[in-house]
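Chains, contacts and geometry: an overview
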Amino acid sequence: MKFISANLDNLKKLYIDQLQHLHSAETQITKALPKMIEKASDPQLKQVLQTHLQETQGHVARLEQILQNSKGEVDSKKSKGMAALIAEGEDIITDASDEAVRDAGIIAAAQKVEHYEIAAYGTVRTFAEILGLDHDADLLDTTLEEEKHADVVLTQISDSANTRADKAA
Ligand code: FE
Ligand code: ZN
């Protein structure tokens, strides 16, 4: 019994740690998305990113709610993984001299961010289920579905964006 509760305690700590990293990641995304929206040319791409910016603000709020309930500090960890993905995206935006190519690059960068989030939310949702934190699991699943949806929509608009980029001189 002692062994099991020690394990649960460790998993709980890992869970909080991962939530703190996700909070950092989402906060970084709320700062990066406005720049991506500004640099995007296709109005549809701008709209998709704008919608996801609003959803992302909700993701930050959900994480703060969950962390508060678990007495986990906010702003105590930095997601180096997300910082690197955003830095790569900024490089694409800087380097792409053609606007259609830049749009295709913005979609590429955004989808890497979504896949990071899909992996991370899948993990913490599963941790929450194992820890018996059903309300947390529901909140995290709601966010996970929004991340998956954003990825699907980006794939849909990449079709025409990539075609336009292919026609660039
Ligand atoms: Fe998110
Ligand atoms: Zn996202």
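Whatever comes next refers back to the structure up there.
The paragraphs below set out a description of the structure included in this document. Note that this is a predicted model, so its numbers are computed, not measured.

1. Details of the coordination of the zinc ion (ligand 2)
Octahedral metals with six donors have ideal donor angles of 90 or 180 degrees. Tetrahedral metals with four donors have an ideal donor angle of 109.5 degrees. Coordination sphere of the zinc ion (ligand 2), protein contribution only: His52 (NE2), Glu114 (OE), Glu114 (OE), Glu117 (OE) and Glu147 (OE), at 2.0 to 2.8 Å. Look at where the donors of the zinc ion (ligand 2) fall in the sequence and you get H-x61-E-x2-E-x29-E. Between the two metal centres, the zinc ion (ligand 2) and the iron ion (ligand 1), the spacing is 3.3 Å, with glutamate 117 acting as a shared donor. Remark: glutamate 117 occurs in helix 4 (residues 99–130) and histidine 52 occurs in helix 2 (residues 43–69); sequence separation between them is 65 residues.

2. Notes on the side chain of glutamine 20
Residue position: glutamine 20 is located in helix 1 (residues 2–39). On the basis of relative accessibility, which here comes to 9%, the residue glutamine 20 falls in the buried class. Non-local contacts of glutamine 20, meaning those with residues more than four positions away in its chain, are made with Leu67, Gly72, Glu73, Ser76 and Lys77.

3. Notes on unusual backbone geometry
The phi torsion at lysine 71 lies on the positive side, around 60°, for a residue other than glycine. Of note, lysine 71 is situated in the loop between helix 2 and helix 3 (80–95). The class for lysine 71 is exposed, based on a relative accessible area of 76%. One non-glycine residue, aspartate 75, lies in positive phi territory at about 65°. Following the sequence through the fold, aspartate 75 ends up in the loop between helix 2 and helix 3. By relative accessible area, aspartate 75 is classed as exposed at 67%.

What counts as what
Counting starts from 1 at the beginning of each chain's written sequence and moves along it residue by residue. As they are written, the chains are lettered A onward and the ligands numbered 1 onward, keeping that order. Residue-level local features of this predicted model are given only where pLDDT is at least 70; pairs of side-chain atoms are given and counted only at 80 or more, and the full residue set underlies all totals for whole chains, interfaces and linings. The side-chain quantities take in all heavy atoms of the structure and omit both hydrogens and water. The rule for donors is simple: an N, O or S atom within 2.8 Å of the metal counts, and for Na, K and Ca the reach is 3.2 Å. Water is not among the atoms, so a site may look short of donors. Runs of E in the DSSP output that reach at least two residues are strands. Runs of H or I that reach at least four are helices, and both are numbered from the N terminus. The classification of residues rests on relative accessible area computed with a 1.4 Å probe and restricted to protein chains. Under 20% of the type maximum is buried, over 50% is exposed, and intermediate values are partly exposed. Whether two residues are in contact is decided by their heavy atoms: any pair within 4.5 Å suffices.

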